[in-house]
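Here's the letter readout for the chains.
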Amino acid sequence: MMNFLVKTIANAGALAVAVWLLDKITLTGDGTGRKIGTLVLVALIFGLVNVLVKPLVKLLSLPLLILTLGLFTLVVNALMLLLTSWLADKLDLSFHVEGFWTAVLGGLIISVVSWALNVVLPDRD
């Protein structure tokens, strides 16, 4: 349970950095508390998408991953971020990613920041 909480906090922090750095990834809300709550919910959605959908997409795109020496992972990450944005819109959360190339850059930022936060944060169950 603690590991799940740490990963969710890391995802929320990484998403916050992407929102802060990129103008076309937006998080709107009335106040700071509302934005933090939305960010945590989006981080949960992003985590579920990465656990449930991403392995299947990576398996289906395995030839492209091999052909591009893993660079196609950036496209897979972008697609997962766009899917998260779409799901957030369907759940009436105020998180939006505008465009594929923004999603590629956002996915790269989220991957790097999430990795750094997972190194720093404790990893216990």
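Residues numbered from 1 in each chain as written. Predicted model: local features only at pLDDT ≥ 70, side-chain atom pairs only at ≥ 80, totals over all residues. Heavy atoms only, no water.

**A short note on the layout of surface pockets**
1) Next: Within this model, the largest pocket holds a volume of roughly 390 Å³.
2) Next: Taken together, 21 residues form the lining of the largest pocket, with Lys 7, Asn 11, Phe 46, Gly 47 and Asn 50 sitting closest to its centre.
3) Next: For the lining of the largest pocket, the elements supplying multiple residues, two or more each, are α1 (2-21), α2 (32-52), α5 (72-90) and α6 (100-120).
4) Next: Here the lining of the largest pocket gets seven residues from one element, more than from any other, and that element is α2.
5) Next: Tallied by class, the residues present in the lining of the largest pocket amount to nine nonpolar, 10 polar and two charged. (1 Å grid on protein atoms, 1.4 Å probe; cavity = no way out; pocket = protein on both sides within 12 Å on 5 of 7 lines; lining within 4 Å. Points joined across faces, edges and corners; volume = space filled by probe spheres on them. Helix = DSSP H or I, 4+ residues; strand = E, 2+ residues; numbered from the N terminus. Nonpolar A, V, L, I, M, F, W, Y, C, P; charged D, E, K, R; others polar.)

**Quick notes on the packing of α1 against α6**
1) Next: In contact at an axis separation of 8 Å, α1 and α6 are set at 140° when each is read in the N-to-C sense. Taken together, the axis directions place α1 and α6 in an arrangement best described as oblique. The interaxial crossing formed by α1 with α6 has right-handed handedness. Between α1 and α6, the residues in contact are Val 6, Lys 7, Ala 10, Asn 11, Gly 13, Ala 14, Leu 15, Val 17, Ala 18 and Leu 21 and Gly 106, Ile 109, Ile 110, Val 113, Ser 114, Leu 117 and Asn 118, respectively.
2) Next: Counted by class, the contact of α1 with α6 contains 11 nonpolar, five polar and one charged residues. (Axes fitted to C-alpha atoms, helices over the stretch in contact; angles between N-to-C directions. Parallel < 35°, antiparallel > 145°, perpendicular 65-115°, else oblique. Left-handed = near helix turned anticlockwise from the far one by under 90°. Contact = heavy atoms within 4.5 Å.)

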